[in-house]
Amino acid sequence: MNWDDDTTGTPAPERLVGSVADREDQAVEAALRPKDLDEFIGQHKVREQLDLVLRAARARGATADHVLLSGAPGLGKTTLSMIIAAEMGAPIRITSGPAIQHAGDLAAILSSLQEGEVLFLDEIHRMSRPAEEMLYMAMEDFRVDVIVGKGPGATAIPLELPPFTLVGATTRAGLLPPPLRDRFGFTAHMEFYEPAELERVIHRSAGLLDVEIAADGAAEIAGRSRGTPRIANRLLRRVRDYAQVKADGIITRDIAAAALAVYEVDARGLDRLDRAVLEALLKLFGGGPVGLSTLAVAVGEERETVEEVAEPFLVREGLLARTPRGRVATPAAWSHLGLTPPRASPAGNGQGDLFGA
């Protein structure tokens, strides 16, 4: 099982298939996290490369290089940071970019680190610019300059830091400035999980949660988990509840399918919002193209909700395309909803004829 804590103070998600951790997720994840790289499921290349980095650092008796982990929420960035600390036999301190609004906030954290300690900085791309510039020197020279006073009389007092390992995590690696990105000795991108890997995650979680689950039940849940372990474990808990109330407590394929139908999560992991977007695009606009604002009004959601919450997964699944002319449904979207695409318009531009017979 591998997923991340939400250390940014983001409100609990309303969607069962949302990738941000709510309080219940955080409590369960703390008990289910793997303790070392051997126990960590998935991310094979990242694990192999990171194992070499940590083994070499231990052999030299040195702190590990700074590590940058990027990828979608819920894939295991926080878990890996804790494993790094455990493998190095070092304590870990966890904070987030939004929590560091001033250079003084970062200086206070850095000055209190112990030698070899791991500092996990989640959503590092959201850190303030002054703190970011202070971090450059801290990462490279293990030193920061503390400014005392203001104006012409201000004085910079150099403060030596003990060697430490910074583990930065980001969901938007493109927002990191090159000077910061270049100071990480090891960078890794976390990929979405394959269904077979998620099945292993679910079986392990079920064992730790004392839930009896059949192989086909785990496969059913894995197929609806959007390639994300955090979502897989959340769905497992909801299916467990259904199995305990409506059945004999054993999760089979039929029980999992029935439970997730109650929670409106379909066979491809789409929920109510996802299907509402597709249905509006197909039924009201003939598959598009249609502008984002128009689509959002048709769905009854904010523009940002459609763009940032629903669209990324629909695009990744090949159900929707973003084009210069607007949003367009793919043939897979028509097929998934069991609808027939309209015939091509006489102009031959590929757009359905909304007014033709």
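You'll find the structure just up there.
Residues numbered from 1 in each chain as written. Predicted model: local features only at pLDDT ≥ 70, side-chain atom pairs only at ≥ 80, totals over all residues. Heavy atoms only, no water.

(A) Expanded view of the overall build of the protein. The secondary structure content of the protein amounts to 14 helices and nine strands. Taking all 357 residues of the protein together, the buried fraction comes to 48%. The long-range fraction of contacts in the protein, counting pairs at least 24 apart against all pairs at least 6 apart in sequence, stands at 70%. For the protein, the accessible area works out to roughly 16500 Å², and carbon and sulfur atoms hold 52% of it. (Helix = DSSP H or I, 4+ residues; strand = E, 2+ residues; numbered from the N terminus. Buried < 20%, exposed > 50% of the residue type's maximum accessible area, 1.4 Å probe, protein only. Contact = heavy atoms within 4.5 Å. Areas by Shrake-Rupley, 256 points an atom, 1.4 Å probe, with all protein chains shown as cover.)

(B) Here's a closer look at unusual backbone geometry. The backbone phi angle of E123 is positive, close to 45°, even though this residue is not glycine. By secondary structure assignment, the location of E123 is in the loop between strand 3 (118-122) and helix 5 (129-141). Classification of E123 as buried rests on a relative accessible area of 10%. One non-glycine residue, F142, adopts positive backbone phi at about 50°. Within the fold, F142 resides in the loop between helix 5 and strand 4 (143-148).

(C) Examining the side chain of R327 more closely. With respect to the helices and strands, R327 occurs in strand 9 (residues 326-329). At 2.7 Å, the side chain of R327 forms a polar contact with the side chain of E311. Residues in contact with R327, not counting those within four places in the same chain, are L281, G287, G288, P289, V290, L292, L295, E307, E311, L320, A321 and R322. (Polar contact = N/O pair within 3.5 Å; in protein donor to acceptor, adjacent residues only side chain to side chain.)

(D) Spotlight on the nonpolar core. Counting residues in each nonpolar core, the largest one holds 48 residues, and the members touching the most others are L50, L80, I202, I213, I221 and I251. No other element matches helix 9 (residues 229-246), which puts seven residues into this core. Once residues lying within four places of it in the same chain are set aside, the contact partners of I213 are I202, H203, A206, A218, I221, L236 and I251. With 24 residues, the next largest nonpolar core counts L113, L121, M134 and F184 among its residues. (Core = buried A, V, L, I, M, F, W, Y, C linked by side-chain atoms within 4.5 Å.)

(E) Layout of helix 10 (residues 253-262). Of the residues making up helix 10, those classed as buried are I255, A256, A259 and L260. Within helix 10, the buried residues cover an arc of 120° as seen down the axis, which keeps them to one side. Across helix 10 from its buried face, at more than 90 degrees, point the exposed residues D254 and A261. On its buried face, helix 10 is in contact with helix 8 (215-223) and helix 9. At the exit of helix 10 stands E264, carrying a positive phi of roughly 60°. (Arc of directions from axis to C-beta.)

Everything listed is a geometric property; what it means functionally is a separate question.
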